Amino acid sequence: MLLAASTQRTIGLVILVVVFAGFVLYLIANTRSAKSEAGSEIELAPNRKPYLEDSELEGAKLDRSLGAGFILLAIIGVGLPLYWLGEPGRQQGLIDDRDRIFADRGGELYEDGSDCQSCHGAEGAGGSTAFTITDSDGEFVAVVAWSAPALNTVLSRHSEDEVRHVLNYGRNNVMPAWGTPGGGPLTPQQIEYLIRYLRRIQIPASEIRDIVDTGVKDGVARHLADQGLDASDGAVDDWLDGVAAVVERARSAALAADPSLAGDDDAIRRAGLELLSAGEAPGYEQYLAYGGILFDNPAAGGTYSCARCHTYGWSFAATTDGDDSIDGHPGPILEAYVDGGGFFGPNLTGGSVLDQFETASEHSDFITGGQTIGQTYGRGGSGGNGQMPGFGSRADDDLGVVYPPTLTQDQIDAIVAFERNL
Ligand code: HEC
Ligand code: HEC
């Protein structure tokens with residue numbers, strides 16, 4: 001353990017061994033080359049003055065100076081190794097201190113300097129901003145309230161490099177470009193401060209689950225109400241239980257069709273998903289409806305939805321009749337949404353996702369991991385800037401941290417089935 005503890009300790013031990021071995025070698029060499037005394041002055045030469053006797057020299061003064069020397073040697077001998085051993089701890093302390101100071105500075109920028117909070121809410125809980133929509137000729141259409149996603153889970157969805165990209169270049173003109181590369185006012189160091197602050201405000205899995213579930217329940221209640229059905233809390237829960245039962249039935253059917261899957265839960269899950277996506281399992285309509293509700297999840301300004309990037313107008317409630325907009329627009333900006341029709345993210349309709357991902361299973365893995373800067377995906381997915389988030393958990397190997405998933409595996413699968421039927 002001591003050896004593996006740190007480079008400093010290893011170096012310290014190596015030096016110790018070298019010094020010790022050198023000392024032993026010196027002793028051996030010294031003893032071997034020692035010569036017997038050639039003779040000594042028996043009588044004092046007449047021109048020399050007798051000096052102090054040994055008994056006078058070896059008095060209390062010598063004892064004191066030898067004692068002091070010994071104490072100093074002991075202090076150096078014990079103190080230096082101890083100091084050395086404490087070095088890794090001191091270095092870690094320094095790093096922690098820097099992190100804290102940087103995150104504090106990021107927090108100041110977030111709250112005051114750059115006023116991220118006016119759009120993204122306190123502690124990154126999500127919010128909205130006034131934005132002017134213009135038509136293709138640049139003519140004024142309306143001022144709308146555009147949802148700004150929560151940032152307290154952004155490190156689950158994106159790597160720090162991907163976040164840095166958005167901070168540097170902004171997005172859709174709504175999110176301003178902050179970094180110098182994008183013509184913004186903040187230095188790379190200040191962008192770094194903001195990222196340290198984002199690390200600090202990430203919320204735990206349990207809070208994420210609560211937020212996502214609130215949005216899902218809202219969505220289910222609306223779905224039931226649209227059909228003129230009972231939309232009480234109890235009915236919502238029953239409907240969600242129904243979805244779980246549909247999934248279970250599909251998995252049993254998949255297992256019955258291929259008994260070799262027995263015991264491999266993940267393989268059964270994947271086979272069940274293929275059946276549901278292909279509309280080959282009873283109750284799949286309800287499953288797709290559930291996927292659609294997740295796709296449009298309104299919780300935290302749509303942070304956990306797909307629609308905010310894949311459905312034009314969804315982020316500013318374009319189909320509502322102006323009540324939600326900040327400036328009066330006579331009617332809806334859009335008559336209806338084209339679900340997954342494409343906006344910042346590509347169009348997902350018309351079977352394009354079936355071309356991109358041959359199986360629902362591969363499709364699901366893509367949604368879990370997202371797109372990584374410079375990496376291609378599917379059959380022809382180009383390597384963009386990593387702006388398609390990953391909705392599974394994300395491990396940051398450099399920091400040794402694992403950020404919790406923003407959607408569960410079952411939720412991702414339901415969205416996949418929905419998308420494959422758009
Ligand atoms: C004027 C409002 C506004 C301000 C100020 C603002 N943002 Fe944004 N930001 C947005 C909007 C809106 C989006 C989503 C854009 C979209 O819908 O494509 C966004 C997106 C983001 C994203 C991408 C997150 C995701 O999950 O998609 C990050 C990260 C981000 N902002 C960080 C910041 C930081 C840090 C600051 C402060 C330096 C900041 N923003 C200031 C409006 C703003
Ligand atoms: C922050 C914006 C954003 C959000 C939120 C988002 N996506 Fe995307 N998505 C993108 C972008 C950008 C791409 C294109 C990536 C590229 O080309 O590198 C993409 C690509 C995709 C693709 C591949 C499409 C193709 O034909 O290549 C699929 C499928 C997809 N997203 C599904 C989803 C699902 C499902 C969700 C919600 C769980 C979601 N996206 C949420 C931005 C987003």
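All figures in this text were calculated on a predicted structure; none of them were measured in a lab.

S.K.: Break down the site of ligand 2 for me, with residues and values.
M.R.: Surrounding ligand 2, one finds 27 residues, the nearest of these being Cys306, Cys309, His310, Met388 and Glu419. Here His310 contributes a side-chain N or O atom positioned 2.8 Å from a nitrogen atom of ligand 2. Measuring from an oxygen atom of ligand 2, one finds a side-chain N or O atom of Gln371 at 3.0 Å. Going through the elements one at a time, helix 14 (307–310), helix 15 (352–356), helix 16 (360–369) and helix 17 (409–419) are the ones with two or more residues in the shell around ligand 2. For the shell around ligand 2, the class distribution of residues is 15 nonpolar, nine polar and three charged.

S.K.: Now, about the confidence of the model for the protein: what can you tell me, with residues and values included?
M.R.: The predicted coordinates of low-pLDDT regions are not to be read in fine detail. Chain-level pLDDT for the protein is 91 on average; 95% of the residues reach the 70-or-more range. Here helix 1 (residues 2–5) stands out as the least confident element of the protein, with mean pLDDT 53; helix 8 (residues 188–201) is the most confident, with 97.

S.K.: Account for the nonpolar core, naming residues and giving values.
M.R.: Across soluble globular proteins, nonpolar side chains have a tendency to be buried as a group. Residues Val220, Trp239, Tyr287, Tyr290, Phe295 and Ile367 are the most contacted members of the largest nonpolar core, which totals 42 residues. Secondary structure elements with two or more residues in this core: helix 9 (205–226), helix 10 (233–257), helix 11 (265–277), helix 12 (284–295), helix 16 and helix 17. Beyond its immediate chain neighbours, meaning those up to four positions away, Trp239 contacts Val220, His223, Leu224, Gln286, Ala289, Tyr290 and Ile293. Listed in part, the 21 residues of the second largest apolar core include Phe102, Trp178, Tyr197 and Ile201.

S.K.: Can you lay out the coordination of the iron atom of ligand 1 for me, pointing to particular residues and giving the numbers?
M.R.: Around the iron atom of ligand 1, the protein contributes the donor atoms His120 (NE2) and Met175 (SD), at 2.0 to 2.1 Å from the metal centre. According to the relative accessible area criterion, His120 is buried, its value standing at 10%.

S.K.: I'd like a description of the coordination of the iron atom of ligand 2, backed by residues and values.
M.R.: Protein coordination at the iron atom of ligand 2 comes from His310 (NE2) and Met388 (SD), with a distance range of 2.0 to 2.2 Å. Coordination at the iron atom of ligand 2 is octahedral: its six donor atoms span angles of 88 to 180 degrees at the metal. Placement of the pair is His310 in helix 14 and Met388 in the loop between helix 16 and strand 3 (394–396), with a sequence separation of 78 residues. Take Met388: its relative accessible area is 19%, and that puts it in the buried class.

S.K.: I'd love a proper account of a nonpolar patch on the surface, names of residues and values included.
M.R.: A grouping of Ile11, Ile15, Val19 and Trp84 is seen on the molecular surface, where their side chains present a nonpolar patch of about 370 Å² in accessible area. Top element by residues in the nonpolar patch is helix 2 (residues 7–33). It accounts for three residues. On the accessibility criterion, Trp84 (37% relative accessible area) is partly exposed.

S.K.: Run through the environment of Asp237, naming residues and quoting values.
M.R.: You can see Asp237 is positioned in helix 10. For the pair Asp237 and Val216, spaced 21 residues apart in sequence, the C-alpha to C-alpha distance is 11 Å.

S.K.: Give a description of the packing of helix 9 against helix 10 that names residues and reports values.
M.R.: Across the interface, helix 9 lies against helix 10 with an axial gap of 9 Å and an inter-helix angle of 100 degrees. With respect to their mutual orientation, helix 9 and helix 10 come out roughly perpendicular. Residues Val216, Lys217, Val220, Ala221, His223 and Leu224 of helix 9 form the contact with helix 10, whose own contacting residues are Ala235, Val236, Asp237, Trp239 and Leu240. Among the residues making up the contact of helix 9 with helix 10, the classes are represented as eight nonpolar, one polar and two charged.

How each quantity is defined
- Residues numbered from 1 in each chain as written.
- Chains lettered and ligands numbered in written order.
- Predicted model: local features only at pLDDT ≥ 70, side-chain atom pairs only at ≥ 80, totals over all residues.
- Heavy atoms only, no water.
- Near = heavy atom within 4 Å.
- Polar contact = N/O pair within 3.5 Å; in protein donor to acceptor, adjacent residues only side chain to side chain.
- Helix = DSSP H or I, 4+ residues; strand = E, 2+ residues; numbered from the N terminus.
- Nonpolar A, V, L, I, M, F, W, Y, C, P; charged D, E, K, R; others polar.
- pLDDT = per-residue confidence, 0-100.
- Core = buried A, V, L, I, M, F, W, Y, C linked by side-chain atoms within 4.5 Å.
- Buried < 20%, exposed > 50% of the residue type's maximum accessible area, 1.4 Å probe, protein only.
- Contact = heavy atoms within 4.5 Å.
- Donors = N, O, S within 2.8 Å, 3.2 Å for Na, K, Ca; no water.
- Tetrahedral: all angles 85-135°; square planar, octahedral: opposite > 155°, others 65-115°.
- Patch = residues over 30% accessible without salt bridge, like charges linked within 9 Å, V, L, I, M, F, W, Y side chains within 5 Å.
- Areas by Shrake-Rupley, 256 points an atom, 1.4 Å probe, with all protein chains shown as cover.
- Salt bridge = Lys/Arg side-chain N within 4 Å of Asp/Glu carboxyl O.
- Axes fitted to C-alpha atoms, helices over the stretch in contact; angles between N-to-C directions.
- Parallel < 35°, antiparallel > 145°, perpendicular 65-115°, else oblique.

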